[in-house]
Amino acid sequence: MQRSKHAMRLLDSPLPELLEEARALCREGHGTLVTYSPKVFIPLTVLCRDVCHYCTFAKPPSKGERAFMTPEEVVEMARAGAAAGCHEALFTLGDKPEKRYRVAREELEALGHETTLSYLRECAERVLEETGLLPHLNPGVMTADDLRALREVSVSMGIMLETVSDRLSERGGAHFGSPDKHPSVRLETLRLAGELAVPFTSGILIGIGETRDERLDALFALRDLHEEYGHLQEIIIQNFRAKPDTRMADHSEPTQADLLWTAAVARIILGPDTNIQAPPNLSYEGFPELLDAGINDWGGVSPVTIDHVNPEAPWPDLDRLREATESKGLSLAARLPVYPEYIADPVRWLDSSLRAPTLQRADADGLGREEHWASGDPNVPPPPRDLARLGAHAPDAAHAPDAAVRDALAAAREQKELDEEQIVALLGARGDNFSAGARAADDLRREVNGDTVSYVVTRNINYTNVCYFKCGFCAFSKGKLAENLRGPAYVVPIPEIVRRAREAWDRGGVEVCLQGGIHPGFTGDHYLEIVTAIKNELPDLHVHAFSALEVFQGAATLGISLDDYVGRLRAAGLSSLPGTAAEILDDEIRATLCPDKVSTDQWLSVHDAAHRGGLHSTTTIMFGSIETTKSWARHLVRLREQQQRSGGFTEFVPLPFVHMEAPMFLKGAARKGPTFREAVLIHAVARLALHPHITNIQASWVKLGVAGAQACLQAGANDLGGTLMNESISRAAGATHGQEMPPEGMEEMIGAIGRPSRQRTTLYGEPNPEHSKLSYNASPLVEPNNPGVNDAAIARPTRLIRPGVDLLAPEDYAADKSLTTA
């Protein structure tokens, strides 16, 4: 009865009212985001045992023509799609042609298969392995065994329900003579797919003789299936187009108003969160109107192949699609053939062999990467479209299309504290929303910092790469418990550390930054000895040293409190702490990313102790590996809250994940780092979310490259960090932007975007001008000496900290045997 009343309302309501309701629901569920799938269309076979009276895709065998594409033809077509930037390999084919045509059976036998679906599996597997494209399969009606077999080689599958009208399978109907088009058969395939957790596409075909009541029945049937299994990742509303040389060539086509009505009622029935798609090419020049009916997806669009099902209707090119989408105040984004909500739960929805290739094509929102740019790689420049969106010509905050982005930017402008939800909205901005966010951040940067870009002449000294922690992202550390990748294990002797510090000072440096792995043979005394030795030699050199993990471990090995250990470090001459080892301050992510490292609260407690002890410190985020924008937002909120308590943070430094040699990436468990858009946004949103508490935002040239750092300087960043002189950690992960950016290079980089520059001290003061002169035209560095160590030296134990250990009193440490190794 309730469904009947609902249907009655939908049938009787004026179209404008339905469109308005559908648009509101779509905005509720999807904001201003509209997606499409860049795909290559692979028609594996056009033979089909069914004879749908509107179809020109399925054809009977022709003499001299193959029944199936060869594996080589399939792979060649997929390679063309991969080269054009596609993510999806769409396999479309006729239903079980071997049951009708001898030529199909014979050709399958020659190919080593009994069934079309078995051959489909082989071809999908080859495409995945040889091109990296993600297969989406539309093979028609399937059994549970078919679905299980194909699930192992595809990220998603689909079958159009088309209709629930049995009338259309009777004589004179569009589906007469097509046994696989009986609604009950197709509904059973849909049900089985739900039971087997296959991300599935379905939809209805309108205008083939069904009534509007029957369309509603079909949509309700799809809703019921999705409510039970949650597997219908998208619903397609497709309009019939009459084609010559078919039995329905003279059949009337649905009007545009009829298509809009159907799309709107689909959104109303299926709700705000469902993905609803309508093919743009089947509405010709009127396709932008479909956005008024509550759709949020354009489906697959191919830059290399035609729509073999509707060859008379070419897809709009991507620029036209983007223009039409943005004309409605919406943003266009590429997606994968499996939607983000399914990627977010890969254990349930994806075969284990498909999780890595899917993850590596995804961005932080689970959508498709739209460029080849990667942090640490100088060979691929930032995408021109994103660069063009930066600058004073970008739309201001008031003109951001998305209401959530617009409201967050308005709150930031009024210096209201952004909450996690608002930060997430800004971090997901695309199109004009991205431009507006970057401009708002840069306007705030100009107000707070002016136009001058600062940098510090510093030297990085990574004093050991031996580490007993197992951070999945780290390609730097070496040792029995580390992922052993590149280069031998080493420990730099203290005299060599002092020599490097002296060399940095003589080249105009004002700071040395010291960090290393957590060597099992080091105690807190070793860190004190390093600082003491440097300050005895160079009392005016700023020692910026030791991550929260090193400080935490140092205190634990000596059995003293953090406050006491920080006091000893400061007395020895430590001047400030770097903000590394933060990674992502979200323990849900840390449990996978760095499970044996300090927790979020422990990381914050070290910096709290440092600030209370009179030391400043920096903050970082390592982003783009496994986490989502929600984790980035939580990270920013935790930093802001800590700064409000202790006030000692001097800057925020986003560090994009460099994937090339990272163990977790090589194992298929991480993305390829952030996209360029994400890298720019984290700087911009940090400026807005951390204001007025942390006012310096730094861009890492060693990870972003020159062009990337310049972009971030136009999106809220005001600092370029250090000249470095030496850099090991990013290089070990595969970054190749260099180890040193001398002052001449820094100032050229800054001047190229029309901004003045200045050298600074670690704490953003002015360095001695005479000393700074030494930094220009500095002599080459002496080759560093990194003495290797053997396994016995690595294994020599001291007191180790365990995962999650709380800060204990000295007597508790003495009694806690789990803190030591045998």
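Residues numbered from 1 in each chain as written. Predicted model: local features only at pLDDT ≥ 70, side-chain atom pairs only at ≥ 80, totals over all residues. Heavy atoms only, no water.

### Some thoughts on the packing of helix α21 (residues 562-572) against helix α23 (residues 600-612)
In the contact formed by α21 and α23, the axes pass within 9 Å of each other and the chain directions differ by 55°. When the axes of α21 and α23 are compared, the pair comes out oblique. Read as a crossing pair, α21 and α23 show a hand that is right-handed. Each of Leu562, Asp563 and Val566 in α21 lies in contact with α23, whose residues at this interface are Ser605, Val606, Ala609, Ala610 and Arg612. (Axes fitted to C-alpha atoms, helices over the stretch in contact; angles between N-to-C directions. Helix = DSSP H or I, 4+ residues; strand = E, 2+ residues; numbered from the N terminus. Parallel < 35°, antiparallel > 145°, perpendicular 65-115°, else oblique. Left-handed = near helix turned anticlockwise from the far one by under 90°. Contact = heavy atoms within 4.5 Å.)

### Comments concerning the packing of aromatic side chains
Scanning the model with the defined rule gives 11 aromatic pairs in all. With 6.3 Å between their ring centres and 90° between their planes, phenylalanine 522 and tyrosine 527 make a pair best called edge-to-face. Between the aromatic rings of tryptophan 603 and phenylalanine 649, the centroid separation amounts to 6.3 Å while the plane-to-plane angle is 25°, which identifies the pairing as stacked. With tryptophan 603 in helix α23 and phenylalanine 649 in strand β16 (residues 649-656), the pair connects residues that are 46 residues apart, well separated along the chain. These aromatic residues form a ring-pair network of at least three members: Tyr463, Phe522, Tyr527 and Phe546. Over the ring of tryptophan 261 we find arginine 212; its NZ or CZ atom is 4.0 Å from the centre of that ring. For arginine 760, the ring lying beneath its charged end belongs to tyrosine 764, and the centroid distance is 4.0 Å. (Phe/Tyr/Trp six-rings, centres within 6.5 Å; stacked < 30°, edge-to-face > 60°. Lys NZ or Arg CZ within 6 Å of the ring centre and 35° of its normal.)

### Structural notes on the environment of valine 685
For valine 685, the position within the fold is in helix α26 (residues 676-690). Given the relative accessible area of 2%, valine 685 is considered buried. Along the backbone, valine 685 and proline 346 are 339 residues apart, and their C-alpha atoms lie at a distance of 29 Å. Sequence-distant contacts of valine 685, that is, excluding residues within four places in its chain, are made with Ile423, Leu426, Leu427 and Leu636. (Buried < 20%, exposed > 50% of the residue type's maximum accessible area, 1.4 Å probe, protein only.)

### Concerning the pairing of strand β6 (residues 232-239)
The buried count for β6 comes to 8 of 8 residues, which makes it a mostly enclosed element. As paired elements, strand β5 (residues 200-206) and β6 share 7 bridges and run parallel to each other. Looking across to β6, one finds that glycine 203 is bridged to isoleucine 236. Traced from β5 through helix α8 (residues 212-229) to β6, the parallel crossover comes out right-handed. Of the pairings in the sheet, the one linking β6 to strand β7 (residues 276-277) comprises 2 bridges and is parallel in character. Residue pairing across strands places isoleucine 236 opposite glutamine 277, the latter belonging to β7. (Pairing = 2+ DSSP bridges. Right-handed = clockwise from strand over helix to strand, strands pointing away.)

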